[in-house]
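# What the coordinates show
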Amino acid sequence: MAEHDLEGELDAFLAGHQAELVDFRRDLHAHPEIGYHEHRTTRRIKLRLEAAGLQPKVLPKGTGLLVDIGSGTEPVVGLRADLDALPISDEKNAPYRSAIPGACHACGHDAHTAILLGAGLFLARTAAAGALPGRVRLIFQPAEEVPCGALDVLAAGGIASVDRVFALHCDPKLDRGKIGTRVGAITAACDKITVRVTGPGGHTARPHLTADLVYGLGKIITELPAALSRRVDPRSSLSLVWGHVSAGAAANAIPDDGLVEGTVRCLDDDAWHAAPDLLKALIDSVASAYGVVADLSYVRNVPPTINEAMSTAMVEAAADRVLGADSVVPAPQSLGGEDFAWYLESVPGALARLGTRKPGSGDDLDIHQPTFDIDESAIGVGVRLMVATALTAMCGGGSAAPEPLPGIARA
Ligand SMILES: [Zn+2]
Ligand SMILES: [Zn+2]
C-alpha cells in the first residue's frame, strides 16, 4: 500500500468494518467486566485477532492480551486500549445497556477496545501486503480503573522493546471528530497519605508534662500544605488536601493517638517522585517540635501522564492527515488519574482525547456517570487516528529523534 493511499484505504476499510466494530463495542457494553475479570472480553478479542491471522498472547493473570503485527524488529510502536468497566449501574435507556447488574462501561473502555481492534485489523492487512515499516504491538490492558493493569503489562515485558506508545481516551466534552492533545501533563498523579500521630496522652490541665497530641496534629494539618507550597516548585501543581481527621474522645483528656488522611495530586513527574521523602521530613520536623511521633503511610496510585512533545506532534500530524486540518484542539489538564502514565515512565508516548459528543447535540455527559454513552461514529475516528499515528511514528523512526513532521504548529 503506497503511503499516499492511506486515507482511501481507511475509507474502504471502515466502509467494510465500521458496523462490525460498532457491534463489537455494543456487545462489550452489554457485557461489561470490571478490572481483572475481563475474561469474556479477552476471549472475544483473542478470537477476532486469531481469525485475522494474528497470534495474541494472554497476560499471565488471564485477562488482557498482547499481539504483535509485522515482522520488523524496529521501530516498535505500542498502541494501548484498556478493557475494564466500572462497578456502577448502567442507567441508560439503550438496547445495548449493561446486562450485568452493578457493572457499566461508563469510562468508554469498550470503545477504546473496539478502536484498537479495528486499528489492528487494518494494520494486519498492511503488514500482509508487506507495507508496514516496522512492528506494531497492540496492548489490550486489563484493570485500568482498579488500578494498575499497566503494571501487569510492564511486568510481562509488554513494553520492553517498544519505542513509542500511544493511547486514546473518550472525552464526552469534545465533539466527535475532534482530538484533544497536550504536551506535558494531561492527567495528574493522585496518591493517598495517612499520618498517624502517637504520644503518651494525659490531662488537659498539664500539657507540659505530656505531649499535646491534638495541638501537634493540628500543626501537621496546617503546616504541611503551607510548607509544601514553599518547598516545591509551584509549577508542579503539587497539592495536599486533607479529607479525614480524628483524635480523642473527651474534652479534658489529651489522647495518645490520632490520624489524618488526605490526597496528594501532582502534575510534575519529578515532584511526584520526590513527594514521599519530602513529606516524611516535613512531618517529622513538625511532630518533633511538639514531642509527638508521626508515622507516614504513603500509597502510590499512578504517576502524572506526561505526554512527550515529539509523540504528541506525531498524533497531531496523524490527525491532520486523516481527520482534517481543524481536528486538533488543545486538551485541558485533568486532575484525574490514568494508569497509561506508567508506560510513559519507561518510553516516550502520548495520550490523546477522542471527542465522543454528538456534534450539535448539547449533551453534557461526563465519564464515570451512569448515563455515559458515546456517538459511535467516534469509533471510526479513533481507528483512523490510531492507524495514522502508528504509521507516522514508524516512519519517524524508533528511539532516535524523528524528522520534523510537516504541518505541525505548536504553541
Ligand atoms: Zn475511568
Ligand atoms: Zn478511563
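The structure reproduced in this document is the subject of the present report. (Residues numbered from 1 in each chain as written. Chains lettered and ligands numbered in written order. Predicted model: local features only at pLDDT ≥ 70, side-chain atom pairs only at ≥ 80, totals over all residues. Heavy atoms only, no water.)

### Considerations on the sheet that holds strand β13 (residues 293–299)
Taken in spatial order, the four strands of this open sheet run β10-β12-β8-β13, and their pairing is antiparallel. Whereas interior strands pair on both sides, the edge strands pair on one side only; in this sheet they are β10 (239–247) and β13. Put simply, the sheet's adjacent strands are angled 20° from each other on average, direction ignored. For β10 and strand β12 (residues 257–266), the ladder comprises eight bridges, and the chain directions are antiparallel. Each bridged residue has a counterpart across the sheet, and for Ala247 the counterpart in β12 is Gly258. Against the sheet, helix α5 (residues 213–231) contacts β8 (189–198), β10, β12 and β13, and its axis sits at roughly 170° relative to β10. Lying over the sheet, helix α6 (residues 269–289) contacts β8, β10, β12 and β13, oriented at roughly 165° with respect to β13. (Pairing = 2+ DSSP bridges. Helix = DSSP H or I, 4+ residues; strand = E, 2+ residues; numbered from the N terminus. Axes fitted to C-alpha atoms, helices over the stretch in contact; angles between N-to-C directions. Contact = heavy atoms within 4.5 Å.)

### Overview of helix α7 (residues 309–322)
Over its 14 residues, α7 runs 20 Å from end to end, which matches the ideal 20 Å to within 8%, given 1.5 Å per residue. Among the 14 residues that make up α7, 10 are buried, leaving the element largely enclosed by the rest of the structure. For α7, the set of buried residues is Ser311, Thr312, Ala313, Met314, Val315, Glu316, Ala317, Ala318, Ala319 and Val322. Residue Gly324 follows α7 closely and has a positive phi angle near 110°. (Expected span 1.5 Å × (residues − 1). Buried < 20%, exposed > 50% of the residue type's maximum accessible area, 1.4 Å probe, protein only.)

### A word on the coordination of the zinc ion (ligand 1)
Tetrahedral metal sites with four donors have an ideal angle of 109.5 degrees; octahedral sites with six donors have ideal angles of 90 or 180 degrees. Bound to the zinc ion (ligand 1) on the protein side are Cys107 (SG), Glu145 (OE) and His368 (NE2), at distances that span 2.0 to 2.3 Å. Along the chain, the residues donating to the zinc ion (ligand 1) are arranged with the sequence spacing C-x37-E-x222-H. When its relative accessible area of 22% is taken as the criterion, Glu145 is described as partly exposed. (Donors = N, O, S within 2.8 Å, 3.2 Å for Na, K, Ca; no water.)

### Notes on the sheet that holds strand β16 (residues 349–357)
Taken in spatial order, the eight strands of this open sheet run β1-β2-β4-β3-β5-β16-β6-β15, and their pairing is mixed. The strands lining the two open edges of the sheet, one partner per strand, are β1 (57–58) and β15 (328–330). Sheet topology note: the β1/strand β2 (residues 65–69) ladder contains two bridges and is antiparallel. Bridge pairing links Val58 to Leu65 in β2. Each of β1, β2 and β4 (135–141) touches helix α2 (residues 39–51); the most contacted strand, β2, lies at about 15° to it. In the packing of helix α3 (residues 109–128) onto the sheet, the strands contacted are β2, β3 (76–82), β4, β5 (164–175) and β16, and the crossing angle to β3 comes to about 150°.

### A closer look at empty space enclosed by the protein
All chains considered together, the criterion is met by two cavities of 30 Å³ or more. Of the residues belonging to the lining of the largest cavity, the class tally is five nonpolar, one polar and one charged. Empty space within the second largest cavity amounts to approximately 30 Å³. Lining of the second largest cavity is provided by Phe166, Ala167, Leu168, Val315, Ala350, Ala352, Leu385, Met386 and Thr389. Every element with two or more residues in the lining of the second largest cavity is listed here: β5, β16 and α9 (378–395). (1 Å grid on protein atoms, 1.4 Å probe; cavity = no way out; pocket = protein on both sides within 12 Å on 5 of 7 lines; lining within 4 Å. Points joined across faces, edges and corners; volume = space filled by probe spheres on them. Nonpolar A, V, L, I, M, F, W, Y, C, P; charged D, E, K, R; others polar.)

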